[in-house]
Amino acid sequence: LNLNNNGKEWCIELAKLLGDPTAKLVILDLSYTDIPDEGAIILGMAVLQNTTLNNLILNRQRSFSSVAWTSLISGLGGSSSLENVDLSLENCIGAEGIVSLANSLVTNTSLEVLNLNDVCLTATGVAALAYALGKNSTLTRLDISNNITVNNVGWQNFFNLLRNNNSTLEIL
């Protein structure tokens, strides 16, 4: 979908579609869209309530604030249908958003694949992810490549935490 510069109105309509029990939408690709913060909050709630969406792609959401990321990501934790989430490519989610994502992973029971390639991870973020991976029982693939903002100590802590938990990861 190419929905740039159309305000939150399209987000409201998309949320209605996601909330419609007769809708059969399984893949939603919102890459390169300029979703306003209010729209991200609306969509986060809709994703939480949706029961058919399997794949959510949100590449290159450069205009998102940390509030928008946190709101949208909170919907992922309670989703019972999402299996694949792609937040990659120049999405600076920020430490607060990644911690929110990690908290969502602790309670999520459907997510199998998570792409966080080039999302400006921090040492705090990777530590939160490693902890969450020990609690999550469904995630088998995690892409955290191209996150050059994490220093060596941050990666060492990540791998130490990962080694000492019960992660279900098969591909990293």
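Everything discussed here concerns the structure shown above.
Residues numbered from 1 in each chain as written. Predicted model: local features only at pLDDT ≥ 70, side-chain atom pairs only at ≥ 80, totals over all residues. Heavy atoms only, no water.

A. Fine view of the overall build of the protein. The helix and strand inventory of the protein stands at 6 helices and 5 strands. When the helices and strands of the protein are read in sequence order from the N terminus, they spell out α-β-α-β-α-β-α-β-α-β-α. Taken over the C-alpha trace, the protein has a radius of gyration of 15 Å; the compact-globule value for 172 residues is 16 Å, and the two agree within 12%. C-alpha atoms of the protein, sized along the principal axes, occupy 45 × 30 × 20 Å. When burial is assessed residue by residue, the protein has 46% of its 172 residues classed as buried. Of the contacts formed within the protein by residues at least 6 apart in sequence, a portion of 84% connects residues at least 24 apart. When the accessible surface of the protein is totalled, it reaches about 8200 Å², and 52% of it is carbon and sulfur. Of the charged side chains in the protein, 8 are positive and 15 negative, and the gap between their average positions amounts to 4 Å. (Helix = DSSP H or I, 4+ residues; strand = E, 2+ residues; numbered from the N terminus. Rg over C-alpha atoms; globule rule 2.2 N^0.38 Å. Buried < 20%, exposed > 50% of the residue type's maximum accessible area, 1.4 Å probe, protein only. Contact = heavy atoms within 4.5 Å. Areas by Shrake-Rupley, 256 points an atom, 1.4 Å probe, with all protein chains shown as cover. Lys, Arg positive; Asp, Glu negative; His and termini not counted. Charge placed at Lys NZ, Arg CZ, Asp CG, Glu CD.)

B. Geometry of the pattern of salt bridges. Applying the stated criterion across every chain yields a total of 2 salt bridges. Here Lys16 ties to Glu13 by a salt bridge, and the two come within 3.2 Å at their closest N and O atoms. Of this pair, Lys16 and Glu13 are both found in helix H1 (residues 9-19), 3 residues apart, which corresponds to roughly one turn of the helix. (Salt bridge = Lys/Arg side-chain N within 4 Å of Asp/Glu carboxyl O.)

C. Here's a closer look at empty space enclosed by the protein. For the structure on display, the rule yields 1 cavity of 30 Å³ or more. In this model, the largest cavity occupies a volume close to 30 Å³. Lining of the largest cavity is provided by Leu18, Leu28, Leu30, Leu43, Val47, Leu56, Leu58 and Leu72. (1 Å grid on protein atoms, 1.4 Å probe; cavity = no way out; pocket = protein on both sides within 12 Å on 5 of 7 lines; lining within 4 Å. Points joined across faces, edges and corners; volume = space filled by probe spheres on them.)

D. Broad picture of the packing of helix H4 (residues 94-107) against helix H5 (residues 123-135). Orientation of H4 relative to H5, taken along the N-to-C sense of each, is 5 degrees, at an axis distance of 8 Å. Comparing their axes, H5 and H4 come out roughly parallel. Contacts between H4 and H5 pair Ile98, Val99, Ala102, Leu105 and Val106 from the former with Thr124, Gly125, Ala128, Leu129, Ala132 and Lys135 from the latter. Counted by class, the contact of H4 with H5 contains 8 nonpolar, 2 polar and 1 charged residues. (Axes fitted to C-alpha atoms, helices over the stretch in contact; angles between N-to-C directions. Parallel < 35°, antiparallel > 145°, perpendicular 65-115°, else oblique. Nonpolar A, V, L, I, M, F, W, Y, C, P; charged D, E, K, R; others polar.)

E. Representation of the nonpolar core. In this structure, Ile35, Leu56, Leu114, Leu116, Leu121, Leu142 and Phe158 are the most contacted members of the largest nonpolar core, which totals 48 residues. Looking at this core, the elements that each hand over two or more residues are H1, helix H2 (37-49), helix H3 (66-77), H4, H5 and helix H6 (152-163). For this core, the leading source of residues is H5, giving 6 residues. Excluding residues that lie within four positions of it along the chain, Ile35 makes contacts with Trp10, Cys11, Leu30, Ala40, Leu43, Leu58, Gln61, Ser63 and Phe64. (Core = buried A, V, L, I, M, F, W, Y, C linked by side-chain atoms within 4.5 Å.)

F. Region of interest: the state of the cysteines. Evaluation of the coordinates by the stated rule reveals 1 disulfide. Two residues share a disulfide in this structure: Cys92 and Cys120, whose sulfurs sit 2.2 Å from each other. Highlighted residues: Cys92 in the loop between strand S3 (84-86) and H4 and Cys120 in the loop between strand S4 (113-115) and H5, separated in sequence by 28 residues. (Disulfide = S-S within 2.5 Å.)

G. Spatial organisation of the packing of H2 against H3. In the contact formed by H2 and H3, the axes pass within 7 Å of each other and the chain directions differ by 5 degrees. Here H2 is positioned roughly parallel relative to H3, judged by the angle of their axes. Together, Asp37, Ala40, Ile41, Leu43, Gly44, Val47 and Leu48 of H2 and Ala68, Ser71, Leu72, Gly75 and Leu76 of H3 make up the contact between the two elements.

H. Summary view of the packing of aromatic side chains. Taken as a whole, this structure holds 3 aromatic pairs when the rule is applied. The interplanar angle of 90 degrees and the centroid separation of 5.8 Å between the aromatic rings of Trp155 and Phe158 together place this pair among those described as edge-to-face. Of this pair, Trp155 and Phe158 both sit in helix H6, separated by 3 residues, roughly a single helical turn. A residue is classified by how much of its surface remains accessible, and Phe158, at 0% relative accessible area, is buried. On the basis of relative accessibility, which here comes to 17%, the residue Trp155 falls in the buried class. An aromatic cluster is built from Trp155, Phe158 and Phe159, whose rings are joined through pairwise contacts. (Phe/Tyr/Trp six-rings, centres within 6.5 Å; stacked < 30°, edge-to-face > 60°.)

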